[in-house]
Amino acid sequence: AISDLVNGGGKRLRPLLVNLAAMFGDYEQEKMIKLSTGLEIIHMATLVHDDIIDEAVLRRGESAAQEKFGKDTAVFIGDYLLSRTFNIFIEILAHQSLLKLSKTVRLICEGEIGQYQKKFDFDITISEYLKRIRRKTALLFGFSTYLGAYESGLRNNNLHHLYNVGLELGMAFQIQDDILDFTGNKEIAGKNVGQDLKAGVYTLPLIFLLRDKQYQGRIIRILEKDDPEQKDINLIINLVREKGIENSRNLMIKFLEKVNNHLAPLPEIKAKKDIIDIIESQLDRKY
């Protein structure tokens with residue numbers, strides 16, 4: 001089961017950000033590879049548990065662990081992955097980084113719980129959505145750049161800016177993910193279009209549409225159904241594509257602008273150019 005996850009690919013952005021942030025300080029390759037590996041394993045564990053909650057069928061184009069092995073086994077897979085990270089981090093991490101890691105994992109769990117509690121709630125606000133994705137996604141991005149920076153000796157302003165580079169990039173990343181849930185291609189994105197919508201996880205493009213008085217009543221009537229037909233789901237997806245995507249992209253761009261603002265004071269090294277390339281790739285990401 002774990003081999004499936006490891007070989008399933010993925011963007012591996014979080015370990016990449018660990019290493020890029022570390023390059024602004026005293027970079028130790030072997031140490032950073034171990035730390036970024038541990039961080040990616042934590043991310044994989046959260047995906048396994050997330051798929052159980054959402055009853056997701058696909059992950060990265062393949063059967064999700066809970067679909068292939070059953071929910072009971074998938075819970076153990078996620079727990080086992082988390083346990084394997086303990087050896088890596090306890091052996092290497094400074095005390096301050098361990099505290100930061102513990103807090104980050106706790107807040108990620110709170111974000112997932114908040115998302116679960118808001119399932120099928122069409123009264124969710126943009127503010128609530130942003131708070132949710134900050135916890136469930138952006139904080140691990142922020143911890144990635146913090147980890148690389150702190151463990152390579154950076155402190156004060158440079159540490160502050162690099163942490164926020166990751167945090168704001170994580171916000172933009174999740175918004176683009178939520179856009180792709182409506183606009184993506186199953187073969188490219190590796191998951192079914194409208195997966196979050198069907199699971200009752202209402203994201204930014206739909207929230208913008210629900211704020212439009214012209215469509216609000218029509219959408220709510222569909223969402224209030226116990227078991228909407230596929231044609232109803234398709235109607236919402238098409239309306240979101242027409243009316244909800246532009247506002248979502250504009251907000252994503254604002255977070256990418258924040259990333260650039262935090263990058264600006266940092267030294268002009270190759271790693272900075274690489275982070276800028278990552279920012280630019282978010283604008284047209286298809287998976």
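For every chain, the first residue of the written sequence is number 1, and numbering continues from 1 onward in sequence order. With the structure being a predicted model, the display of local features is reserved for residues of pLDDT at least 70 and the display and counting of side-chain atom pairs for 80 or more, all residues being used for whole-chain, interface and lining totals. Calculation of side-chain values draws on the structure's entire complement of heavy atoms; hydrogens and water are dropped beforehand.

### Here we look at the packing of aromatic side chains
Here is the rule: Two rings belonging to Phe, Tyr or Trp (six-membered ring only in the last case) form a pair when the distance between their centres is within 6.5 Å. Interplanar angles under 30 degrees mark stacking, angles over 60 mark edge-to-face geometry, and anything in between is tilted. Strands here mean DSSP runs of E at least two residues long; helices mean DSSP runs of H or I at least four residues long; both are numbered from the N terminus. The classification of residues rests on relative accessible area computed with a 1.4 Å probe and restricted to protein chains. Under 20% of the type maximum is buried, over 50% is exposed, and intermediate values are partly exposed.
The final tally for this structure, using the stated rule, is 5 aromatic pairs. A centroid spacing of 5.4 Å and a plane angle of 15° characterise the contact between tyrosine 146 and tyrosine 150, whose relative ring orientation is stacked. On the criterion of helical spacing, the pair formed by tyrosine 146 and tyrosine 150 is a turn pair, its members being 4 residues apart in helix H7 (residues 126–151). Like tyrosine 146, the residue tyrosine 150 is buried in the burial classification. Plain terms: the ring middles of tyrosine 146 and tyrosine 163 are 6.3 Å apart, the flat faces sit at 85° to each other, and that makes the pair edge-to-face. Of the two residues, tyrosine 146 is situated in helix H7 and tyrosine 163 in helix H8 (residues 156–183); the sequence distance between them amounts to 17 residues.

### Some points on the nonpolar core
For clarity, the cut-off: We define a nonpolar core as any set of buried Ala, Val, Leu, Ile, Met, Phe, Trp, Tyr and Cys residues linked to one another through side-chain atoms lying within 4.5 Å. Should any heavy atoms of two residues lie within 4.5 Å, those residues are counted as being in contact.
If you look at the biggest cluster of nonpolar residues, it comprises 84 residues, and the most contacted ones within it are Ile175, Leu197, Leu206 and Ile219. Broken down by element, this core gets its largest block of residues, 13 residues, from H7. Not counting residues up to four positions away in its chain, the partners in contact with leucine 206 are Phe182, Leu197, Ile219, Leu223, Ile236 and Val240.

### Considering helix H2 (residues 13–22)
Each full turn of the α-helix corresponds to 3.6 residues, which orients residues three or four apart in the same direction. Burial analysis of H2 places 9 of its 10 residues in the buried class, the great majority of the element. Those residues of H2 lying buried are Leu13, Arg14, Pro15, Leu17, Val18, Asn19, Leu20, Ala21 and Ala22. Buried residues along H2 sit against helix H3 (29–54), H7, H8 and helix H15 (270–282).

### What to know about the side chain of threonine 104
What counts here: Polar contact criterion, stated in full: a pair of N or O atoms within 3.5 Å, where within protein one must be able to donate a hydrogen and the other to accept it, and residues adjacent in sequence count only if both atoms are side-chain atoms.
Looking at where threonine 104 falls in the secondary structure, it is placed in helix H6 (residues 95–117). What makes threonine 104 buried here is its relative accessible area of 6%. One polar contact links the side chain of threonine 104 to the main-chain carbonyl oxygen of lysine 100, over a distance of 2.8 Å. Filtering out sequence-adjacent residues up to four positions away, threonine 104 remains in contact with Leu139, Leu140 and Phe143.

### Some thoughts on the environment of serine 248
Note on placement: serine 248 falls in helix H14 (residues 245–263). Along the primary structure serine 248 and leucine 204 are separated by 44 residues, whereas in three dimensions their C-alpha atoms are 6.3 Å apart. If we skip the residues at most four places from it in the chain, serine 248 touches Ile175, Ile179, Leu204, Pro205 and Phe208.

### Some words on helix H12 (residues 213–223)
Condition: What the arc describes is the spread of directions from the helix axis to the C-beta atoms.
Within the sequence span of H12, burial applies to Tyr215, Ile219, Ile220, Ile222 and Leu223. The arc that holds every buried residue of H12, seen down its axis, measures 155°, which confines them to one face. Opposite the packed face of H12, turned more than 90 degrees from it, sit the exposed residues Lys213 and Arg221. Lining the buried residues of H12 we find helix H10 (195–198), helix H11 (204–210) and helix H13 (230–243). The opening residue of H12 is aspartate 212, an N-cap whose side-chain oxygen sits 2.9 Å from the backbone nitrogen of glutamine 214.

### With respect to the pattern of salt bridges
Selection criterion: Any carboxyl oxygen of Asp or Glu within 4 Å of a side-chain nitrogen of Lys or Arg constitutes a salt bridge here.
One pass over the structure, following the stated rule, counts 17 salt bridges. Here arginine 285 makes a salt bridge to aspartate 177, at a shortest N to O gap of 2.8 Å. Here the residue arginine 285 occupies a position in the segment after H15, and aspartate 177 occupies one in helix H8, the gap between them amounting to 108 residues. In this structure, the salt-bridge partner of aspartate 274 is lysine 270, at a minimum N-O distance of 3.2 Å. Of this pair, aspartate 274 and lysine 270 both sit in helix H15, 4 residues apart, roughly one helical turn. With relative accessibility at 22%, the residue aspartate 274 sits in the partly exposed group. Connected via shared salt-bridge partners are Arg106, Glu110 and Arg135.

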